[in-house]
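Below are the chains, spelled out letter by letter.
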Amino acid sequence: MSRRIMLAALAALLAGTAAQAQDIAVTNARLVIGDGSAAIERGTVVVRGGKVVAAGAGVIVPAGLRTIDAEGKWVTPGLVVAVTDLGLVDVGAVDGSNDSGADKAPFSAALDLSTAINPAAQPIAIARAGGVTRAAVAPLGTGSIFAGQGALIDLGADPQPVTRPRAFQYVELGEDGAKLAGGSRIAAHAVLRNALDEAREIAALPLGPRRTDVLLTRRDAAALVPVVTGRQPLYVHVERAADIRMALGLRQEFPALKLVIVGATEGWLVARELAAAGVPVLATPLGDLPASFERLGATQSNVGRMAAAGVKVALGAFFDQPRYAPQFAGNLVALTRVPRATGLTWGQAFAAISSGPAEVLGIADQVGTLKSGRAGDVVIWDGDPLEAGSGVVQVFIDGVEQPLTNHQTRLKDRYASPAEGALPKAYDW
Amino acid sequence: MNPRSLLAAGAALAFAFGTTGGATAKDKKKDESAAVKAARDFDKNPYPSTYKPYPGQPVLITGATVFDGKGGQVDGGAVLLKDGRIAAVAGAMADLDLPAGTLRIDGTGKFVTPGIIDVHSHLGDYPSPSVDAHEDGNEMTDPTTPNVWAEHSVWPQDPGFSRALANGGITALQVLPGSGNLMGGRGVTLKNVASRTVQGMKFPGAPYSLKMACGENPKRVYGGKGQMPSTRMGNFAVNRKTWIEAQAYRRKRDEGKLEDRDLALETLAGVLDGDIKVHNHCYRADEMALVLDMAKEFGYKVTAFHHAVESYKIGDLLKAADVCSAVWADWWGFKMEAYDAIPENAGLLYKAGACVVIHSDDENGIQRLNQEAAKAQGDARRAGIVVPDAEVIRWLTLNAAKALGIDKDTGSLEAGKMGDVVLWNGNPLSTYSRPEKVWVDGALLFDSADPKRRPVSDFELGQPGEGDVK
C-alpha cells in the first residue's frame with residue numbers, strides 16, 4: 001500500500017469515518033463457503049451493501065460491479081477466532097500496553113472487556129493481514145475465577161470494533177481456577193456455586209437488600225444474572241476429563257446455564273458426554289504434551305475424535321496468536337494421513353476456524369460462511385489457506401476493503417536491502 | 001573416568017596432602033607443578049557420551065523426491081542406508097550395490113530429507129509436565145554462570161523428545177540453558193534417541209556450546225533483584241568484566257601458573273580457545289552489532305545469534321561476520337525487543353547471503369520446524385524472494401548441523417554420514433505432510449505404521465493415552 005493510502009486509512013480511523021462498503025464480485029476463485037463443504041472450482045461471490053448476496057459456481061455477476069478476477073487464488077470467508085486477547089494488548093510484556101489482566105481490580109465478573117478494545121493496536125492489524133476478520137475477546141486475568149465479560153469484535157480498520165459487548169462470561173475451573181479460588185478445585189466450585197446463588201438472589205430481588213454474608217460485590221453478582229438465567233453463555237475453561245464432567249454437571253443445579261467448554265485438552269476422553277450434553281467446545285488445537293497434570297491425555301487427535309463423536313467443536317483459545325489459525329487447522333487435515341490418528345477433512349478443518357467458532361459464538365447467521373445474507377467478510381489467498389506457505393492477498397470486512405499495511409510490512413519495505421543509501425534508513429518511508 | 005583424569009585426580013590429591021602435611025621445599029615445588037598440570041590437563045569430557053547406534057537393517061528407498069540438505073533435490077531418487085550410514089544417494093537409474101537383506105521401500109510420492117536438527121531446544125531442562133519442580137533451565141542466582149552445564153539438568157524422560165521425533169522428524173537437537181543470564185552455561189547436543197541417561201543421548205564428538213543472552217531478560221532478572229545488570233549497558237559491563245577474567249585465567253594457564261580449576265572460567269577459556277561455540281540469544285540488530293564488536297574485543301567468535309528477530313536489518317554485517325541467525329518464521333510482538341520482528345526475516349537474510357537456521361525454542365514448535373520453514377519461504381516469496389524448497393530444507397538440516405559443529409557427521413544425505421534420515425509422506429514444506437519413518441544412525445526409531453515403533457517415556461506409562469498417537 002502506498003503511503004497516501006495508508007494515511008487515508010489512518011485518517012478514516014481517526015476521524016471515525018469508516019470507508020463505505022463497496023459492491024464487489026470476486027470471480028474465477030477456488031471458492032470456500034466455510035460450512036464444511038469442499039472448495040468450489042471457478043466460483044464467484046457477490047457482495048452488495050456489505051452483505052454476501054450470492055456465492056457458488058455459475059453465479060451471474062450483475063453488470064457494472066467492481067469485479068476482481070481471482071484466477072489461481074482461493075477465496076474464503078474471513079476467519080473467526082474465538083477466545084483471543086486481540087485489541088487488549090499491544091506488547092504482551094509491556095504492562096502499560098496490556099489490558100488482558102486485572103488481578104488487583106475490585107471487580108471480576110462485572111468487568112466488561114468491550115471498554116478497552118483498541119482497534120488501532122498492531123496485533124489487530126497483523127491478524128487482519130492474516131485473514132482474521134472476527135474475534136471473541138476474552139478473558140481477563142482477574143483475582144477471581146471469573147475472568148469478565150468477553151466481547152465480539154470485527155477487525156475492520158475503523159473506530160467501531162465491538163459488534164457485541166458482554167457476549168459471554170468466562171470462568172476458570174481447572175488448575176488456574178483452583179489457584180484463584182484459594183488453592184483447590186473444591187474452593188473453585190464453592191466460589192462458583194456461591195456466586196451463582198448470589199446472582200439468583202439478585203435476580204429475584206434486583207433492588208432489595210442482600211444477605212449480610214455475600215462475597216461478591218453487587219455489581220459482580222448482577223453481572224452473573226444473565227449467566228444464571230441463560231441469557232449470557234458461560235465459557236468454562238477446563239482441560240482434564242474429570243473437570244469437563246464436573247462442568248457439565250453444573251446444569252443439574254443451574255439448568256439454565258448455557259455452557260461452552262474452552263480448552264478441553266482431554267475432551268476426547270469425555271466426547272460422548274459432551275456430545276450427549278450438546279455443549280459446544282472451543283478446543284485448543286494440537287496440544288499433544290502432558291504440559292500439566294490436567295493435560296496428561298493430550299493428543300493432536302483430540303479435535304478429530306470429538307468431532308467424530310458428534311461434539312460441536314471448533315478451534316479456539318489460542319489467545320495471542322490468532323493468525324496461526326489456518327496452520328492449526330491444516331495440521332488437523334494432516335492427521336487424516338497418519339495411521340491411527342483422527343483429524344478433520346479439509347472442509348471440516350476450515351469450518352473449524354470460520355463457521356464453527358461462529359456457531360459456538362452464536363453469530364453463525366451473520367459471519368463465518370459465504371452465504372447469502374452473511375456479512376461481506378471475504379478473504380482472497382494466494383494459495384490453499386491451510387498451507388503454511390500461503391498468504392493473504394485481499395481482505396474485505398462488511399464489504400469494505402481493508403488495509404493490509406502494518407508495522408511489519410513497513411519494516412519489510414524499508415529493509416528490502418539492509419544497506420543504507422544516500423541518507424540513513426530513517427529517511428526511507 | 002579415563003586414565004588421564006585418574007592421573008590428574010591422583011596428582012591433585014598428592015598436592016592436597018603435600019600442602020597440609022608440611023612438605024619439604026623440594027616436594028612442594030614438585031607438587032605445585034602437579035597442581036598446574038591438574039588445572040591444565042583436566043578431563044575435558046567427564047560425562048562422555050555412551051550413545052551407541054541401535055541395530056538397523058540396510059534400507060533402500062526408491063522413487064522419492066530427495067532433498068539432500070545441502071541445497072540439492074533429486075526427483076525419483078534413491079537413498080541407501082547401510083551399516084548405520086548413508087551409503088548412497090542417487091538418481092532413479094543408478095545401479096546400487098545392495099547388501100543382502102536390504103529392505104526396499106517404495107518412496108513414490110514421498111520425500112526424503114536428512115534428519116531435522118533443532119539448534120535451540122529446552123526439552124529435558126524445561127520438560128513436560130512444566131511444573132515448578134521441573135524448571136531446570138535457568139540458574140538465575142548469578143548473571144554469569146558459564147560453570148553450569150545443561151546436560152546436568154536434562155531429564156531424558158521428557159515426553160517432548162518423542163513428539164519431536166514422531167511429528168517433527170528431529171534426529172538431533174541442542175539443549176540450551178535459558179536466557180535469564182548473560183552467560184547461561186554450556187549447551188549440549190543430543191541425538192534424539194530415548195535413553196535412561198543423558199549420556200546415552202549425547203551426540204558423540206559434538207563440541208560444547210556456551211549460551212549467552214543479550215537484552216531484556218538478564219537486565220530484567222537481575223535488575224529485579226536490585227543487582228547488576230539492570231540495563232543494557234550493565235549487560236555489556238558484566239560481560240566484559242567476565243571476559244577479562246577469562247583472558248587472565250587463560251593467560252595464567254598458558255604460562256603454566258594456574259593451580260586451581262575454575263569451572264566458569266574453564267568454559268570461557270574454552271570459548272577463547274575456539275573449542276566451545278557461542279550461541280547468543282539476541283533480538284535487536286543494534287545489540288547484535290555490539291556483541292560482534294565485543295567478540296572482536298576479546299577474541300572469540302559468535303557462531304549463531306538465536307531468535308535474532310532483527311537480523312534482517314543487518315544481513316550485510318552478519319554475512320561479513322559469518323554468523324548464523326537461528327530464527328522463528330513469524331513470532332512477533334510478545335515483548336518489546338520482539339516488536340520489530342517480521343515474517344520476511346529469514347527470506348531477507350537469505351537474500352543478503354547470510355546464514356539462516358530455523359529453530360524452535362519451543363516444545364510444540366520443534367514438532368513443526370518444517371512448517372516454520374514453509375511459512376518463512378512463503379513470506380519470502382511474497383516479498384519477491386524465491387527460495388527453492390531444497391534450500392529451505394538446508395535451513396533445518398545442514399545449516400543447523402554446521403552451527404552445532406556436527407556437519408561432518410550429519411545434516412546432509414552424503415555417503416559416509418550418519419544414517420539420520422526422515423521419510424515424509426509428502427513434501428515436508430506442506431502442512432499436510434508428516435514423518436512416516438525416522439532413522440537415527442540407520443536404526444528405525446519411528447514408524448507411523450507400527451504402533452510399537454515409537455518411544456513412550458517412563459512418565460507416560462499408566463497414564464491416559466499411553467502409547468497413543470500424539
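Residues numbered from 1 in each chain as written. Chains lettered and ligands numbered in written order. Predicted model: local features only at pLDDT ≥ 70, side-chain atom pairs only at ≥ 80, totals over all residues.

Attention now moves to the overall build of chain B. Across its full length, chain B carries 12 helices and 16 strands. Computed over the C-alpha atoms, the radius of gyration of chain B is 23 Å, within 12% of the 23 Å expected from 2.2 N^0.38 for a compact globule of 470 residues. Nonlocal contacts in chain B, meaning residues at least 24 apart in sequence, comprise 69% of its contacts between residues at least 6 apart. (Helix = DSSP H or I, 4+ residues; strand = E, 2+ residues; numbered from the N terminus. Rg over C-alpha atoms; globule rule 2.2 N^0.38 Å. Contact = placed C-beta atoms within 7 Å.)

Quick look at the pairing of strand 2 (residues 73–82) of chain B now. All names here are of chain B. Burial analysis of strand 2 places seven of its 10 residues in the buried class, which makes it a mostly covered element. Examined bridge by bridge, strand 2 and strand 3 (residues 85–90) share five bridges and lie antiparallel to one another. The residue bridging Ala78 from the neighbouring strand is Ala90, located in strand 3. What sits between the antiparallel neighbours strand 2 and strand 3 is a turn of two residues, in which Asp83 has the positive phi angle 55 degrees. (Buried ≥ 20, exposed ≤ 12 C-beta atoms within 10 Å, placed from the backbone. Pairing = 2+ DSSP bridges.)

In this section: the pairing of strand 8 (residues 183–191) of chain B. All names here are of chain B. For strand 8, the tally of buried residues reaches nine of nine residues, placing the bulk of the element in the interior. Examined bridge by bridge, strand 7 (residues 170–175) and strand 8 share four bridges and lie antiparallel to one another. In the sheet register, Leu173 faces strand 8, and the bridge partner there is Leu190.

Turning our eyes to something else, we now look at the domain arrangement of chain A. All names here are of chain A. The assigned domain composition of chain A is domain 1 (1–77 + 368–429) and domain 2 (79–367). On a C-alpha basis, the centres of domain 1 and domain 2 stand 29 Å from each other. Between domain 1 and domain 2, the residue contacts involve 34 residues of the former and 34 residues of the latter. Every element with two or more residues in the side of domain 1 that touches domain 2 is listed here: helix 1 (3–15), strand 5 (74–77), strand 17 (392–397) and helix 13 (407–414). Here the side of domain 1 that touches domain 2 is composed, by residue class, of 18 nonpolar, 11 polar and five charged. (Domains from an automatic or database assignment. Nonpolar A, V, L, I, M, F, W, Y, C, P; charged D, E, K, R; others polar.)

Here we come to the interface of chain A and chain B. Each partner contributes to the interface: chain A provides 44 residues, whereas chain B provides 49 residues. Contributing elements (two or more residues each) for the side of chain A that touches chain B: helix 2 (122–129), helix 10 (325–334) and helix 13 of chain A. The leading source of residues in the side of chain A that touches chain B is helix 10 of chain A, at five residues. Class assignment of the residues belonging to the side of chain A that touches chain B gives a composition of 23 nonpolar, 14 polar and seven charged.

Let us now look at the sheet that holds strand 9 (residues 209–213) of chain B. Residues and elements named next belong to chain B. The strand order across the open sheet built from eight strands is 6-7-8-9-10-11-12-13, with neighbouring strands paired in mixed fashion. The sheet is open, and its two edges are formed by strand 6 (116–121) and strand 13 (356–358), each paired on a single side. If you compare each strand with its neighbour and ignore which way they point, the axes differ by 25 degrees on average. Summarising the sheet, strand 12 (residues 324–327) and strand 13 pair through three bridges and their orientation is parallel. Its bridge partner being in strand 13, Val327 is matched across the sheet by Ile358. The strands touched by helix 11 (residues 389–396) are strand 6 and strand 13; relative to strand 13, the strand with the most contacts, the crossing angle is about 70 degrees. (Axes fitted to C-alpha atoms, helices over the stretch in contact; angles between N-to-C directions.)

Among the nonpolar cores identified, the biggest contains 269 residues, and Ile261 of chain A together with Val357 of chain B are the most heavily contacted of them. Contacts of Val357 of chain B, omitting those with residues within four sequence positions, involve Val119, Ala304, Cys324, Ser325, Ala326, Trp395, Asn399, Ala400 and Ala403 of chain B. (Core = buried A, V, L, I, M, F, W, Y, C linked by C-beta atoms within 7 Å.)

The next thing to look at is the domain arrangement of chain B. Residues and elements named next belong to chain B. Assigned domains of chain B: these are domain 1 (3–40) and domain 2 (115–411). Relative placement of domain 1 and domain 2: their C-alpha centres are 38 Å apart. Facing the five residues of domain 1 at the interface are seven residues of domain 2. Grouping the constituent residues of the side of domain 1 that touches domain 2 by class yields three nonpolar, no polar and two charged.

Taken over all residues, the pLDDT of chain A has a mean of 94, while the share at 70 or more is 95%. Between residues 12–17 of chain A, whose pLDDT stays under 50, and residues either more than four places distant or in other chains, the model counts nine contacts. (pLDDT = per-residue confidence, 0-100.)

All names here are of chain B. Taken over all residues, the pLDDT of chain B has a mean of 93, while the share at 70 or more is 93%. Per-residue pLDDT stays below 50 along residues 1–24; that stretch engages in 27 contacts with residues further than four places along the chain or on separate chains. Among the scores for the predicted complex, ipTM is 0.94 and pTM is 0.94.

Residue and element names in this part refer to chain B. With respect to the helices and strands, the residue Leu272 is situated in helix 6 (residues 263–273). The spatial distance from the C-alpha of Leu272 to the C-alpha of Gln247 is 7.8 Å, given a sequence separation of 25 residues. Among all residues touching Leu272, those that are not within four sequence positions of it are Ala246, Gln247, Arg250, Gly299 and Tyr300.

Our next topic: unusual backbone geometry. What you tend to see is this: most non-glycine residues have negative phi, and most peptide bonds are trans. Cis geometry is found at the peptide bond from Ala138 of chain A to Pro139 of chain A, where omega equals -20 degrees. Relative to the assigned elements, Pro139 of chain A resides in the loop between strand 8 (132–137) and strand 9 (141–142). Here the residue pair Met228 of chain B and Pro229 of chain B is connected by a cis peptide bond, since its omega of 5 degrees sits within 30 degrees of zero. Look at Arg42 of chain A: it is not a glycine, yet its phi comes out positive at around 50 degrees. For Arg42 of chain A, the position within the fold is in strand 2 (residues 40–48). On the basis of neighbour count, Arg42 of chain A is assigned to the partly exposed category, with 13 C-beta atoms found within 10 Å. Phi is positive for Ala308 of chain B, close to 45 degrees, though the residue is something other than glycine. Mapping Ala308 of chain B onto the fold places it in the loop between strand 11 (302–307) and helix 8 (315–321).

Okay, helix 5 (residues 232–254) of chain B next. All names here are of chain B. Counted at 1.5 Å a residue, the expected span for helix 5 with its 23 residues is 33 Å, and the 33 Å between its end C-alpha atoms agrees. Within helix 5 the residues assigned to the buried category are Asn235, Val238, Asn239, Trp243, Ala246, Tyr249 and Arg250. Buried residues in helix 5 make contact with helix 4 (216–223), helix 6 and helix 7 (285–298). Positive backbone phi, approximately 75 degrees, marks Gly256, located one or two places after helix 5. (Expected span 1.5 Å × (residues − 1).)

Tracing the backbone shows Asp262 of chain B in the loop between helix 5 and helix 6. Taking the number of C-beta atoms within 10 Å as the measure of exposure, Asp262 of chain B has 16 and is therefore partly exposed.

Further remarks concern the packing of helix 5 of chain B against helix 7 of chain B. Residue and element names in this part refer to chain B. Taken N-terminus to C-terminus, the directions of helix 5 and helix 7 make an angle of 20 degrees; their axes are 11 Å apart at the nearest point. For the element pair helix 5 / helix 7, the angle class is roughly parallel. Between helix 5 and helix 7 lies a crossing of right-handed hand. On the side of helix 5, the interface is formed by Arg232, Phe236, Asn239, Arg240, Trp243 and Gln247, while helix 7 contributes Glu287, Leu290, Met294 and Phe298. Here the contact of helix 5 with helix 7 is built from residues that sort into five nonpolar, two polar and three charged. (Parallel < 35°, antiparallel > 145°, perpendicular 65-115°, else oblique. Left-handed = near helix turned anticlockwise from the far one by under 90°.)

Residue and element names in this part refer to chain B. With 14 residues, helix 10 (residues 369–382) should cover 20 Å at 1.5 Å per step; its first-to-last C-alpha distance of 20 Å lies within 8% of that length. Within helix 10, 12 of the 14 residues are buried, which leaves it mostly tucked inside the rest of the structure. If you check which residues of helix 10 are buried, you get Leu369, Asn370, Gln371, Glu372, Ala373, Ala374, Lys375, Ala376, Gln377, Gly378, Asp379 and Ala380. Residue Gly384 follows helix 10 closely and has a positive phi angle near 85 degrees.

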